[in-house]
Amino acid sequence: MAGITYEDFLDTSYEPADSELVCTFSVDPAADMDMAAAASRVASESSNGTWAELQVDGEITDLSATAFEIDGRRVQVAYPDSLFEAGNMAQILSCIAGNIMGMKAVDRIRLLDCEWPEALTASFPGPRFGSAVRESIFGAGDRPITATVPKPKVGLSTDQHVQVGYEAWTGGIDLLKDDENLTDQPFNPFRDRLIESFGARDRAEAETGEKKSYLINVTADTNTMLERVDMVAEEGGEYVMVDVITCGWAAVQTVRDQCEKHDLAIHAHRAMHAAFDRVPNHGVSMRVLAQVARLCGVDQLHTGTADLGKLENEDSRGINDWLASDLHGLRDVLPVASGGLHPGLVPELVDRLGTNICIQAGGGIHGHPDGTHAGAKALRQAVDATVAGVDLDEYAAEHPELETAIGKWGTE
Ligand code: CAP
Ligand code: MG
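Here the structure is a predicted model, which means the values were calculated and not measured. (Residues numbered from 1 in each chain as written. Chains lettered and ligands numbered in written order. Predicted model: local features only at pLDDT ≥ 70, side-chain atom pairs only at ≥ 80, totals over all residues. Heavy atoms only, no water.)

A.B. asks: Lay out the coordination of the magnesium ion (ligand 2) in plain terms, naming residues and giving numbers.
C.D. replies: Distances from the magnesium ion (ligand 2) to its protein donors, namely D179 (OD) and E180 (OE), fall within the range 2.0 to 2.1 Å. A residue is classified by how much of its surface remains accessible, and E180, at 22% relative accessible area, is partly exposed. (Donors = N, O, S within 2.8 Å, 3.2 Å for Na, K, Ca; no water. Buried < 20%, exposed > 50% of the residue type's maximum accessible area, 1.4 Å probe, protein only.)

A.B. asks: So what's going on with the sheet that holds strand β4 (residues 106-115)? Residues and values would help.
C.D. replies: Overall, mixed pairing links the five strands, which are arranged β2-β3-β1-β4-β10 in an open sheet. The sheet is open, and its two borders are formed by β2 (66-71) and β10 (283-284), each paired with just one other strand. Direction of pairing for β2 relative to strand β3 (residues 74-79): antiparallel, over a ladder of five bridges. Across the sheet, the residue bridging to E69 is Q76, located in β3. (Pairing = 2+ DSSP bridges. Helix = DSSP H or I, 4+ residues; strand = E, 2+ residues; numbered from the N terminus.)

A.B. asks: Give me the lowdown on a negative patch on the surface, citing residues and values where you can.
C.D. replies: A cluster of acidic residues, D391, D393, E394, E398 and E403, forms a negative patch on the protein surface. Among the elements that line the negative patch, the one with the most residues is helix α16 (residues 392-398), at three residues. Position of E394 relative to the elements: it lies in helix α16. (Patch = residues over 30% accessible without salt bridge, like charges linked within 9 Å, V, L, I, M, F, W, Y side chains within 5 Å. Areas by Shrake-Rupley, 256 points an atom, 1.4 Å probe, with all protein chains shown as cover. Salt bridge = Lys/Arg side-chain N within 4 Å of Asp/Glu carboxyl O. Lys, Arg positive; Asp, Glu negative; His and termini not counted. Charge placed at Lys NZ, Arg CZ, Asp CG, Glu CD.)

A.B. asks: I'd love a proper account of the UniProt feature "domain: Ribulose bisphosphate carboxylase large subunit C-terminal" (unreviewed entry) in the chain, names of residues and values included.
C.D. replies: Those residues carrying the UniProt feature "domain: Ribulose bisphosphate carboxylase large subunit C-terminal" (unreviewed entry) are residues 140-409 in this numbering. Spanning residues 140-409, this segment combines 50% helix with 12% strand, and its end C-alpha atoms are found 27 Å apart. (UniProt positions renumbered as here; feature names shortened; annotations may be inferred.)

A.B. asks: Residue-level account of helix α15 (residues 372-388), with values.
C.D. replies: Taking 1.5 Å per residue, 17 residues should reach 24 Å; α15 reaches 24 Å between its end C-alpha atoms and fits that length. Most of α15 is tucked away: twelve of the 17 residues are buried. All of the buried residues along α15 are T372, A374, G375, A376, A378, L379, R380, Q381, A382, V383, A385 and T386. Of the residues one or two after α15, G389 is the one with positive phi, at around 75°. (Expected span 1.5 Å × (residues − 1).)

A.B. asks: Give me the lowdown on the sheet that holds strand β13 (residues 358-360), citing residues and values where you can.
C.D. replies: In a beta sheet, neighbouring strands pair by backbone hydrogen bonds and run either parallel or antiparallel. In spatial order, the strands read β7-β6-β5-β13-β12-β11-β9-β8; together these eight strands make up an open sheet with parallel pairing. Each edge of the sheet is formed by a strand with only one pairing partner; in this case those strands are β7 (213-215) and β8 (239-243). Taking each pair of neighbouring strands and ignoring which way they run, the sheet shows an average axis angle of 25°. Pairing of strand β9 (residues 265-269) with strand β11 (residues 300-302), which is carried by two bridges, proceeds in the parallel orientation. Considered in β11, the bridge of A268 is made with L301. (Axes fitted to C-alpha atoms, helices over the stretch in contact; angles between N-to-C directions.)

A.B. asks: Go over the pairing of β3, please, and point to the residues and values.
C.D. replies: Along β3, five of the six residues are buried, which leaves the element largely enclosed by surrounding structure. Connecting the antiparallel pair β2 and β3 is a turn made up of two residues, with G72 showing a positive phi of about 65°.

A.B. asks: Kindly report on the packing of helix α5 (residues 158-171) against α15, identifying the contributing residues and their values.
C.D. replies: Packed helices, taken two at a time, are described by the angle between their axes plus the distance between the axes. With their axes 7 Å apart at the nearest point, α5 and α15 run at an angle of 35° to one another. In terms of crossing hand, the pair formed by α5 and α15 is right-handed. Of α15, the residues touching α5 (which contributes V164, E167, A168, T170 and G171) are T372, H373, A376, K377 and R380. Broken down by class, the residue content of the contact of α5 with α15 amounts to three nonpolar, four polar and three charged. (Left-handed = near helix turned anticlockwise from the far one by under 90°. Contact = heavy atoms within 4.5 Å. Nonpolar A, V, L, I, M, F, W, Y, C, P; charged D, E, K, R; others polar.)

A.B. asks: Now, about the site of ligand 1: what can you tell me, with residues and values included?
C.D. replies: The environment of ligand 1 is formed by 17 residues, the closest being K153, K310, S338, G340 and G362. K151 has a polar side-chain atom sitting 2.8 Å from an oxygen atom of ligand 1. A distance of 2.7 Å is found between an oxygen atom of ligand 1 and a side-chain nitrogen or oxygen belonging to R270. With respect to the detected pockets, ligand 1 is housed in the largest pocket. Grouping the constituent residues of the shell around ligand 1 by class yields three nonpolar, eight polar and six charged. (Near = heavy atom within 4 Å. Polar contact = N/O pair within 3.5 Å; in protein donor to acceptor, adjacent residues only side chain to side chain. 1 Å grid on protein atoms, 1.4 Å probe; cavity = no way out; pocket = protein on both sides within 12 Å on 5 of 7 lines; lining within 4 Å. Sits in = over half its atoms within 2 Å of the grid points.)

A.B. asks: Can you lay out the layout of surface pockets for me, pointing to particular residues and giving the numbers?
C.D. replies: The computed volume of the largest pocket comes to approximately 410 Å³. For the largest pocket, the lining is made up of 27 residues, of which H269, K310, L311, S338 and G339 are closest to its centre. Those elements that provide at least two residues to the lining of the largest pocket are α10 (273-277), β12 (334-338) and α14 (363-366). Grouping the amino acids of the lining of the largest pocket by side-chain chemistry returns eight nonpolar, twelve polar and seven charged. (Points joined across faces, edges and corners; volume = space filled by probe spheres on them.)

Given below as structure tokens:
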């Protein structure tokens, strides 16, 4: 009887069934390996194979993946859906982005894209709200919503942090957001910040007549996150912020369930994504991380600035298009553009990414020469001008805060 060997996992005449998860990888084989040998090892080690030829007694469920297409460095692998536990993202990733990432058979391997079949997709909740938050919470119409993160990132006392939020909200910003490394430290405890910020939010709403909200960072061990989610709901919030990569997808799934109970939206920050997606031919693409985030059910997600601003980005436009595309009826996700943004960049940003986005600016608001309130006004003015189709310099002539921001940072 012939055993199961690596070669059994390659079949270029194979046509995947609709029920299968199809993954596209970029593969650089090891020096002593040709592409076919490397591709068959990828399919084997990510499904049911191993390095040794296996003799199996009796019938077993055939859970083998098949490498069915090789095109240059691009390899496509189909996985039978019974390989996966429904609704368990950790288990899925342990297959398709697990041990194969460190296999000696490949010098580099990157999971570029996944085509999610209907049944597996339906085993996840997807977003509770998605980009509808723009309208349902803020009544923002056709304009992007805006967010700001107080700077310095950490070190502001609760009172200082709340004051910065109040100035930003009353200047025209929709969302105050915690920075990723602010959670519950003695200089600014979570509970105090939550309660005082909501007080300032209420005052800002009364003053402006606009809806304001707060993305408080609940990121912690899962039990603590659940307590914080409950606290946010009890105190009258609409959102929580979760750093989804650092806390892990299993925790995100648990938080999503808790948010369902409370009708809360999830803002997903993605610190550490670059450890997976920055090296171009290795790791897991941001596109796939965004797919995972959507399945697990975040409502808004940082996806970059389409190369504007201070950070390296992978194809924000393509990722955002995917987040808006049909996925077996799952809701969409609102993309958040952030990282080195300032008012002068808004027209180009909207040109590249459209208006169904959240624009987040930290330094680009608080670094305004006249302070946070003026900075917030300038960002809102830039958004209003852009949506109205008015040239930014022309609008700035009538709006001094915007004029000062452009004078400081320009429009590039
Ligand atoms: C932006 C930011 C965000 C990054 C995250 C920061 O601040 O608060 O964490 O944008 O990156 O700390 O850098 P600035 P991404 O507005 O002052 O740059 O959105 O790419 O995930
Ligand atoms: Mg930050």
